[in-house]
Amino acid sequence: GAGVSQSPSNKVTEKGKDVELRCDPISGHTALYWYRQSLGQGLEFLIYFQGNSAPDKSGLPSDRFSAERTGGSVSTLTIQRTQQEDSAVYLCASSPPGTGGGYTFGSGTRLTVV
Amino acid sequence: SQKIEQNSEALNIQEGKTATLTCNYTNYSPAYLQWYRQDPGRGPVFLLLIRENEKEKRKERLKVTFDTTLKQSLFHITASQPADSATYLCALDVTSGTYKYIFGTGTRLKVLA
């Protein structure tokens, strides 16, 4: 597609439930990133996929968070046993090979845990 | 510890003036530094990338400088317009050349008509 697509755009879930957030990056972009942004805060790095390399999971806040990227394209971020502090906007970005370009972000998924 | 600092206070300027936003960092040695614009309810939009060996980069009304000695980048918008009102984020690669970026908290700019 023309841009990075994220779904759903909004998700309200009950505490303790699992959620899956989806990201469809730009075709041909080898790198894919997940960040989250809490109200009034900066972007917090979560995980980074680059081609066929093992993902950089160093930003995942707990073992309740996991992500996968299938076939070098679509990625799913899963949060198990959601907590209220997980409420945030989850942003996905992709970037092309090489050094010249910045990230292209999706519009994000706003997750609210009640 | 590693830190990226942007002025958390909003910057209000008059239309037509030059807006200057600051990004300072400590305990990083980035190869690349980027600036993004973020509007409410939207994801950030990439504006400019500057490399460590570049002092200055321009794109239309935007200018970015990168001083690796001062560990600072300045972002300028000349002839500012109300449509430039947004939050501006700086980002730098956490380990030189990895393309994994860490973001500052952003500075909100408001251009008054």
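> Help me understand the sheet that holds strand 6 (residues 56–59) of chain B, please; the structure alone is not making it clear to me.
Remark on secondary structure: sheet strands pair via backbone hydrogen bonds, oriented parallel or antiparallel. Residues and elements named next belong to chain B. Taken together, 5 strands build an open sheet; the order of strands is 1-3-8-7-6 and the sheet is antiparallel. For this open sheet the edge positions go to strand 1 (3–6) and strand 6, each flanked by a neighbour on one side alone. Neighbour-to-neighbour, the strand axes of the sheet open up by a mean angle of 15°, direction not taken into account. As paired strands, strand 6 and strand 7 (residues 62–67) are joined by 4 bridges and run antiparallel to one another. Directly across from lysine 57, in strand 7, lies its bridge partner valine 64.

> It is not clear to me how the side chain of aspartate 93 of chain B should be interpreted in this structure. Could you clarify?
Residue and element names in this part refer to chain B. Mapped onto the elements of the fold, aspartate 93 is located in strand 9 (residues 86–93). Within the local environment of aspartate 93, its side chain forms a polar contact with the backbone nitrogen of alanine 31, the two atoms lying 3.0 Å apart. Engagement of the side chain of aspartate 93 in a polar contact is seen with the backbone nitrogen of tyrosine 32, the distance being 3.0 Å.

> Help me understand the packing of aromatic side chains, please; the structure alone is not making it clear to me.
Two numbers describe a pair of aromatic rings. These are the distance of the centres and the angle of the planes. Following the criterion strictly, the structure yields 17 aromatic pairs over all chains and no others. Ring geometry for tyrosine 103 of chain A and phenylalanine 105 of chain A: centres 5.9 Å apart, planes at 50°, overall tilted. Plain terms: the ring middles of phenylalanine 105 of chain A and tyrosine 36 of chain B are 5.8 Å apart, the flat faces sit at 85° to each other, and that makes the pair edge-to-face. Note that phenylalanine 105 of chain A is positioned in strand 9 (residues 104–105) and tyrosine 36 of chain B in strand 4 (residues 32–38), a pairing that runs across two chains. You'll find phenylalanine 105 of chain A and tyrosine 36 of chain B in the same group, each marked buried. Taken together, the aromatic side chains of Tyr33, Tyr35, Phe45, Tyr48, Tyr103 and Phe105 of chain A together with Tyr36, Phe46, Tyr101 and Phe103 of chain B make up a single cluster linked through ring pairs.

> Is there a simple way to explain the environment of glycine 16 of chain B in this structure?
All names here are of chain B. Looking at the secondary structure, you find glycine 16 in the loop between strand 2 (11–14) and strand 3 (19–26). Judged by relative accessible area, which is 49%, glycine 16 ranks as partly exposed. Sequence separation of glycine 16 and arginine 61 is 45 residues, and the distance between their C-alpha atoms is 11 Å. Excluding residues within four positions of it along the chain, glycine 16 makes contact with Ala79 and Ser80.

> Explain the state of the cysteines here, please?
Here is the idea: a disulfide is a covalent bond, and it sits between the sulfur atoms of two cysteines. In total, this model carries 2 disulfides over all chains according to the counting rule given. Through a disulfide, cysteine 23 of chain A is tied to cysteine 92 of chain A; the S-S separation comes to 1.8 Å. Measuring handedness by torsion sign, the sulfur bridge of cysteine 23 of chain A and cysteine 92 of chain A sits at about -65° and is left-handed. Here the residue cysteine 23 of chain A occupies a position in strand 3 (residues 19–24), and cysteine 92 of chain A occupies one in strand 8 (residues 88–95), the gap between them amounting to 69 residues. Of the two residues examined, cysteine 23 of chain A and cysteine 92 of chain A, each falls in the buried class. At a sulfur-sulfur separation of 2.0 Å, the disulfide partner of cysteine 23 of chain B is cysteine 90 of chain B. Disulfide cysteine 23 of chain B-cysteine 90 of chain B: the torsion about the S-S bond is 60°, which places it as right-handed. One end of the pair, cysteine 23 of chain B, is in strand 3; the other, cysteine 90 of chain B, is in strand 9, with 67 residues separating them in the sequence. Exposure class is identical for cysteine 23 of chain B and cysteine 90 of chain B. Each is buried.

Cut-offs and rules
- Once a new chain begins, its residue numbering starts again from 1 and follows that chain's sequence as written.
- Numbering of ligands from 1 and lettering of chains from A proceed in the order in which they are written.
- Selection of residues for local features in this predicted model requires a pLDDT of at least 70, selection of side-chain atom pairs for listing and counting requires 80 or more, and totals for whole chains, interfaces and linings are taken over all residues.
- Each side-chain value is derived from all of the structure's non-hydrogen atoms; neither hydrogens nor water enter the calculation.
- By this definition, two strands are paired if DSSP reports at least two bridges between them.
- In this text, helices come from DSSP runs of H or I with a minimum length of four residues, and strands from runs of E with a minimum of two, each type numbered from the N-terminal end.
- Note on geometry: axes are C-alpha line fits, over the in-contact stretch for helices, and angles between N-to-C directions span 0 to 180 degrees.
- In protein, a polar contact means a hydrogen-donor-capable atom and an acceptor-capable atom, both N or O and within 3.5 Å, with residues adjacent in sequence counting only if both atoms are side-chain atoms; elsewhere, any N or O pair within 3.5 Å suffices.
- In this analysis, rings of Phe, Tyr and Trp, with Trp reduced to its six-membered ring, are considered paired at centre separations within 6.5 Å, and the interplanar angle assigns stacked below 30 degrees, edge-to-face beyond 60, and tilted for intermediate values.
- Throughout, exposure labels follow a simple rule: accessible area from a 1.4 Å probe, protein chains only, divided by the maximum for the residue type, with under 20% read as buried, over 50% as exposed, and the rest as partly exposed.
- Pairs of residues are marked as contacts when any of their non-hydrogen atoms sit within 4.5 Å.
- Note on disulfides: each one is a pair of cysteine sulfur atoms within 2.5 Å.

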